[in-house]
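What follows is each chain in one-letter form.
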Amino acid sequence: MIKEFKEFISRGNVIDLAVGVIIGGAFTSIVKSLVDYLINPFIGLFIGGIDFSDLIFKVNGATFKVGSFINAVINFLIIAFVVFLLVKFVNKFLIRKKAEETAPVVAPEVELLEEIRDLLKTQEK
């Protein structure tokens, strides 16, 4: 069982996933900082200095933190856009690479025979 677990852990997919989760966590904190300290103050300039994180509604003793929700939506949109760009770039790279790999390799004899066939077709006309 330990040997199977070791093989499972040493597979590339598990290691790639772990790296992706770690980088994703770090990237999330960067985006949160970007939204909290740069984007929200910039937007606040145009809407009268309102800081989204302080935007709260109270109804019958219940507190609704609308500003925190708006921050979360902005974080999500930025992260989703960056992931979209990343997937688009990777797909473009992989599709090109797969197309190069799947390009048919023509043997020299077949290429020569095709040239002879084409020459015979032009002579018959």
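One numbering rule holds for all chains: residues counted from 1, following each sequence as written. Local features in a predicted model are, by the rule used here, given only for residues with pLDDT of at least 70; side-chain atom pairs are given and counted only at 80 or more, and totals for whole chains, interfaces and linings are based on all residues. Side-chain measures were taken over the full set of non-hydrogen atoms in the model, leaving aside hydrogen atoms and water.

S.K.: Would you mind going over the confidence of the model for the protein chain with me for this structure?
M.R.: Close reading of the predicted structure is inappropriate where its pLDDT is low. Scored by pLDDT, the protein chain comes out at a mean of 79, with 87% of its residues at no less than 70. Put simply, helix α1 (residues 2-9) is where the protein chain has its lowest mean pLDDT, 75, and strand β2 (residues 62-64) is where it has its highest, 90. Across the chain, each position has a pLDDT score giving the predictor's confidence in that residue, from 0 to 100. Elements are defined by DSSP. Helices are runs of H or I of four residues or more, strands are runs of E of two residues or more, and each kind is numbered from the N terminus.

S.K.: In this structure, what is going on with the pattern of salt bridges? I would like to understand it.
M.R.: Salt-bridge detection follows one rule: a side-chain nitrogen of Lys or Arg within 4 Å of a carboxyl oxygen of Asp or Glu. Tallied over the entire structure, the rule returns one salt bridge. Across the pair D118 and R117 runs a salt bridge whose closest N-O atoms are separated by 3.3 Å. Each residue is assigned to one of three classes by its accessible area relative to the maximum for its type, calculated with a 1.4 Å probe on protein chains only: buried under 20%, partly exposed between the two thresholds, exposed over 50%. On the basis of relative accessibility, which here comes to 37%, the residue D118 falls in the partly exposed class. Here R117 falls in the partly exposed class, since its relative accessible area comes to 42%.

S.K.: Would you mind going over unusual backbone geometry with me for this structure?
M.R.: Negative phi characterises most residues that are not glycine, and trans characterises most peptide bonds. With phi around 50°, N60 is a residue other than glycine that occupies positive phi space. Judged by its relative accessible area of 82%, N60 falls in the exposed class.

S.K.: Help me out: how do you make sense of the side chain of N71 in this one?
M.R.: Here N71 lies in helix α3 (residues 66-102). Looking at N71, the relative accessible area reads 7%, which means it is buried. Here, two residues are considered to be in contact whenever any of their heavy atoms come within 4.5 Å of each other. With sequence-adjacent residues up to four places away left out, N71 is seen in contact with V35, D36, N40, F52 and S53.

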